Amino acid sequence: MITGHFGLAAGVKSFARPVPLWALMLATVWLDIIFVPLLAAHIEHIDPVPGTKGGYGEGIIHADYTHSLLGALIIAGVTGLLAARWWGRRSGAVIGAVVFSHWLLDLTVHRADLPLLPGNLGHLPRVGFGLWKYPWLAASVEAALMIIGTVLYWRSARSTRAPGRRAAVTAAVMGLVGALTLALDLAGI
Ligand SMILES: [Zn+2]
């Protein structure tokens with residue numbers, strides 16, 4: 001899931017005006033960005049669901065550090081504290097919350113592969129509501145998040161001092177990025 005996360009970030013921008021949009025976009029996929037080098041280093045990995053090609057929603061994701069509940073909370077807390085140094089406390093709290101929102105959104109779509117503790121310490125049960133078992137439903141939720149987020153962003157940007165045309169262009173670009181990431185995700189790229 002990338003598009004759904006972007007949609008949420010766009011929606012957050014509509015009421016957290018002082019936080020730059022790029023920072024919210026980065027924060028919303030921050031756990032996945034940290035996941036990439038760990039994936040390359042074989043510390044975290046993805047296995048296709050048995051009997052599938054490993055396309056959209058067909059992965060068992062062993063991101064046992066970045067996507068563990070405690071790991072996500074720690075990453076969100078540290079990122080929020082760093083952001084607070086640049087943009088102040090309130091914006092830092094918003095960034096931290098957006099970083100953690102990634103785990104909550106992933107929780108809805110992931111098959112039960114998200115551990116509670118880093119490295120799945122103590123072998124506690126893994127969690128995930130498994131919406132990815134119904135790919136079109138999951139994709140529809142992602143698209144809905146993107147549409148709602150983009151509309152919220154556009155409406156709030158239009159009502160501020162920002163020139164209406166710029167707000168419309170940014171909203172359109174976000175909508176396009178959302179559509180593109182969803183299309184790539186569905187194509188299994
Ligand atoms: Zn993720």
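Model, not experiment: these values are computed from the prediction.

## Quick word on the side chain of Glu 142
- Take Glu 142: it is sitting in helix H6 (residues 135-159).
- Among buried charged residues, Glu 142 stands out as having no salt bridge; its nearest opposite-charge side chain is Arg 111, 12 Å away.
- Once you skip the residues sitting within four places of it in the chain, Glu 142 turns out to touch Met 1, Ile 2, Thr 3, Gly 4, Tyr 56, Leu 182 and Asp 185.

## So, the packing of aromatic side chains
- Summed over the entire model, instances satisfying the criterion amount to four aromatic pairs.
- Measuring from ring centre to ring centre gives 6.4 Å for Trp 86 and Trp 87, while their planes differ by 45 degrees; the resulting arrangement is tilted.
- Residue classification places Trp 87 among the partly exposed residues on the basis of a relative accessible area of 30%.
- Grouping aromatic residues by their ring pairs yields a cluster made of Trp 22, Trp 86 and Trp 87.
- Arg 158 extends its terminal NZ or CZ atom over the ring of Trp 154, reaching a point 4.4 Å from the ring centre.

## Remarks on the coordination of the zinc ion
- Surrounding the zinc ion are the protein donor atoms Asp 32 (OD), His 67 (NE2), His 102 (NE2) and Asp 106 (OD), which sit 2.1 to 2.2 Å from the metal.
- Coordination at the zinc ion is irregular, judged from the four donor atoms that bind it and the angles of 85 to 175 degrees they form at the metal.
- All donors of the zinc ion come from a single chain, and their spacing in sequence reads D-x34-H-x34-H-x3-D. Linking His 67 in the loop between strand S2 (59-62) and helix H4 (69-87) with Asp 106 in helix H5 (residues 89-109), this pair joins segments that are 39 residues apart in sequence. When sorted by exposure, His 67 lands in the same class as Asp 106, which is buried.

## A look at the layout of surface pockets
- The computed volume of the largest pocket comes to approximately 660 Å³.
- Met 1, Ile 2, Ile 46, Ile 61 and Asp 185 are the residues nearest the centre of the largest pocket, which is lined by 28 residues in total.
- Within the residue set of the lining of the largest pocket, elements represented by two or more residues are helix H3 (30-40), strand S1 (45-48), S2, H5 and helix H7 (164-186).
- Per-element accounting of the lining of the largest pocket gives the leading share, five residues, to H3.
- Residues of the lining of the largest pocket, tallied by class, amount to 13 nonpolar, 10 polar and five charged.
- Size it by volume and the second largest pocket reaches roughly 250 Å³.
- Forming the boundary of the second largest pocket are Trp 22, Ala 23, Leu 26, Ala 27, Trp 30, Val 78, Thr 79, Leu 82, Ala 83, Trp 86, Trp 87 and Ile 95.
- Looking at the lining of the second largest pocket, the element that brings in the most residues is H4, giving six residues.
- Of the residues assigned to the lining of the second largest pocket, the class counts are 11 nonpolar, one polar and no charged.

Cut-offs and rules
Residues numbered from 1 in each chain as written. Predicted model: local features only at pLDDT ≥ 70, side-chain atom pairs only at ≥ 80, totals over all residues. Heavy atoms only, no water. Helix = DSSP H or I, 4+ residues; strand = E, 2+ residues; numbered from the N terminus. Buried < 20%, exposed > 50% of the residue type's maximum accessible area, 1.4 Å probe, protein only. Lys, Arg positive; Asp, Glu negative; His and termini not counted. Salt bridge = Lys/Arg side-chain N within 4 Å of Asp/Glu carboxyl O. Contact = heavy atoms within 4.5 Å. Phe/Tyr/Trp six-rings, centres within 6.5 Å; stacked < 30°, edge-to-face > 60°. Lys NZ or Arg CZ within 6 Å of the ring centre and 35° of its normal. Donors = N, O, S within 2.8 Å, 3.2 Å for Na, K, Ca; no water. Tetrahedral: all angles 85-135°; square planar, octahedral: opposite > 155°, others 65-115°. 1 Å grid on protein atoms, 1.4 Å probe; cavity = no way out; pocket = protein on both sides within 12 Å on 5 of 7 lines; lining within 4 Å. Points joined across faces, edges and corners; volume = space filled by probe spheres on them. Nonpolar A, V, L, I, M, F, W, Y, C, P; charged D, E, K, R; others polar.

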